[in-house]
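# Per-entry structural report
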Amino acid sequence: MSEDASVNTGAADSWPSVDSAWAAVRRMQTKLHRWALDDPERRFGDLANLVYDPAFLVHAWERVSTNKGARTAGIDRATVAWIEAVVGVGAFLDHIRHLLKSGEFRPVEVRRVTIPKPRSTKVRQLGIPTVIDRVVQASLKAVLEPIFEADFKPCSYGFRPNRRAQDAIAEIHHLGTSGYHWVFESDIQRCFDEIDHTALMARLRERIKDKRVCAWIKAFLKAGVLTESGDREDTLTGTPQGGILSPLLANIALSRLDEHFDQQWQQEMGSFRQRANRRRQGIGNWKFIRYADDLVLMVSGDRRHAEALREEVSAVIAPMGLRLAPEKTRVVHLDEGFVFLGFTIRRLRKRGTQKHYVYTTPSRKAVQAIKDKVSAKTYRSTRHEDLDELILSLNRTLAGWANYFRHGVSKTTFSAVDHHAWGRLMRWTRAKYKGRTGLSLKNMRRRFCDRGWRFAHNGVAFTGASSVTVTRYRYRGSKIPTPWTPTPAAATSG
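Residues numbered from 1 in each chain as written. Predicted model: local features only at pLDDT ≥ 70, side-chain atom pairs only at ≥ 80, totals over all residues. Heavy atoms only, no water.

### Concerning the packing of helix α3 (residues 54-65) against helix α6 (residues 131-149)
One way to put it is that α3 packs onto α6 with a least axis distance of 8 Å and a crossing angle of 120 degrees. Classed by the angle they form, the pair α3 and α6 counts as oblique. Where α3 crosses over α6, the handedness of that crossing is right-handed. Contacts between α3 and α6 pair F56, L57, H59, A60, W61, R63 and V64 from the former with V131, R134, V135, A138, S139, K141, A142 and V143 from the latter. Split by residue class, the contact of α3 with α6 holds 10 nonpolar, 2 polar and 3 charged. (Axes fitted to C-alpha atoms, helices over the stretch in contact; angles between N-to-C directions. Helix = DSSP H or I, 4+ residues; strand = E, 2+ residues; numbered from the N terminus. Parallel < 35°, antiparallel > 145°, perpendicular 65-115°, else oblique. Left-handed = near helix turned anticlockwise from the far one by under 90°. Contact = heavy atoms within 4.5 Å. Nonpolar A, V, L, I, M, F, W, Y, C, P; charged D, E, K, R; others polar.)

Have a look at this one:
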């Protein structure tokens, strides 16, 4: 729906409230998840009615309109704010529902934008769909996700509800302290760009037999891209990064890899006796961990066992049109350490003892990235800001970064980052308020510090990364509940 489109009148008061829509969607998702769990061979039909159900569309709109990208337009130039002000949410959702029910819905090309990768000369390409396409994708995701979550394996952590990067790190830490000291780490090259559409749709149809739903998803895959120069490009492979549905589709494709190693573990290494027999025969044991397109195999055995996994992984992902990134594929010992999801994971001897422990710390790249953000906020071009505004901005940035790393061995790193931030803040303050005679450190402390050398202005004090308490993250094992997993009490009463 472009900005030049006529306003479609509709009864906004006929749509459910956000809260009632959420409750209705959650009830239906719980049923879909339970049905998928009870019958692993079941293929779901008649799902299109759910996709354009009023509760699902309101729920999808709420997700799209509250997302950070709500202010970004697709190729039709329409933003969430424009739709709310000119079209009206009710009329807009009526329009989408009519298109879906009548079979007239056709996704349009995504708008391609390129953003630089942090601390790299490479760029990342993102596809920005129109708001209409985003709402339809969000509704499709709300219908499909509970079904496929019943099939996804515990070794996968990326872009899944109730799972996070810290769970993957915790499992690696657990395995590293349990004798799995060799590491095969890799990255799937251009995963979102190279997934084979035919193979992906075949995996989707293993669970979904609704032809309209499959047709909508295929249409999104084939929608094409409008480049920054205005040229149209066909999308013969891949799911454009930036789409709401793309992470779920990537997980559906990559679940082939999860299933392969999960089946291998259950059949050949699942019990202590099986693993002991393999060790006596000189055969290694391994456990697979994946976060989106980043993967790790923790190996108990020798280097040769880890090296042999390269061909095995490549063979499993080849039918999906995917390949490993050679520059990011390597085998290391845990004593050498490796970087995964921003953490450096390494086994070290504890100072003063002969015991070795696995430590997880923020990686050098992650530390440098946050220092660069601090430096950017304290460039001379920002001296028009008030000091309290800058302190508040730094506090938010540093606390957000520290919250991600607070479950690692991070206290010393947090102090080092704060030291860098304090130095930048000190130079920024002295330059802004230097006046004619300059601002000495003594005067700066008197005017802009409250406790010792802590910066404070207009009631806002610098707290930095060190304000975040470092705590241990408890390994949750393989039984992480989904949002639709019934509680024992609910299951008993049902």
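### Description of the environment of I391
With respect to the helices, strands and loops of the structure, I391 is situated in helix α15 (residues 387-405). The class for I391 is buried, based on a relative accessible area of 0%. Linking I391 and T463, residues 72 residues apart in sequence, is a C-alpha distance of 8.5 Å. If we ignore the near neighbours within four places in the chain, the residues touching I391 are L425, F455, A456, H457, V460, A461 and F462. (Buried < 20%, exposed > 50% of the residue type's maximum accessible area, 1.4 Å probe, protein only.)

### Digging into the side chain of T235
Along the chain, T235 turns up in the loop between β5 (232-233) and α11 (246-269). Aside from chain neighbours lying at most four places away, what touches T235 is H197, L221, K222, A223, G224 and V225.

### Some remarks on the sheet that holds strand β6 (residues 285-291)
Here 4 strands make up an open sheet; going across it, the order is β6-β7-β3-β8 and the pairing antiparallel. Edge positions in the open sheet fall to β6 and β8 (330-333), since each of these has one partner strand only. Taking the axes of each pair of neighbouring strands and ignoring which way they run, one obtains an average angle of 20 degrees across the sheet. As paired elements, strand β3 (residues 182-187) and β8 share 4 bridges and run antiparallel to each other. Following the sheet pairing, E185 is matched in β8 by R330. (Pairing = 2+ DSSP bridges.)

### Some points on the packing of aromatic side chains
Under the definition given, this model contains 13 aromatic pairs. A ring pair is formed by W401 and F405, whose centres lie 4.9 Å apart and whose planes are at 50 degrees; its orientation type is tilted. Here F405 and W401 lie together in helix α15, a separation of 4 residues that amounts to about one turn. In this structure, W401 and F405 share a single accessibility class: buried. (Phe/Tyr/Trp six-rings, centres within 6.5 Å; stacked < 30°, edge-to-face > 60°.)

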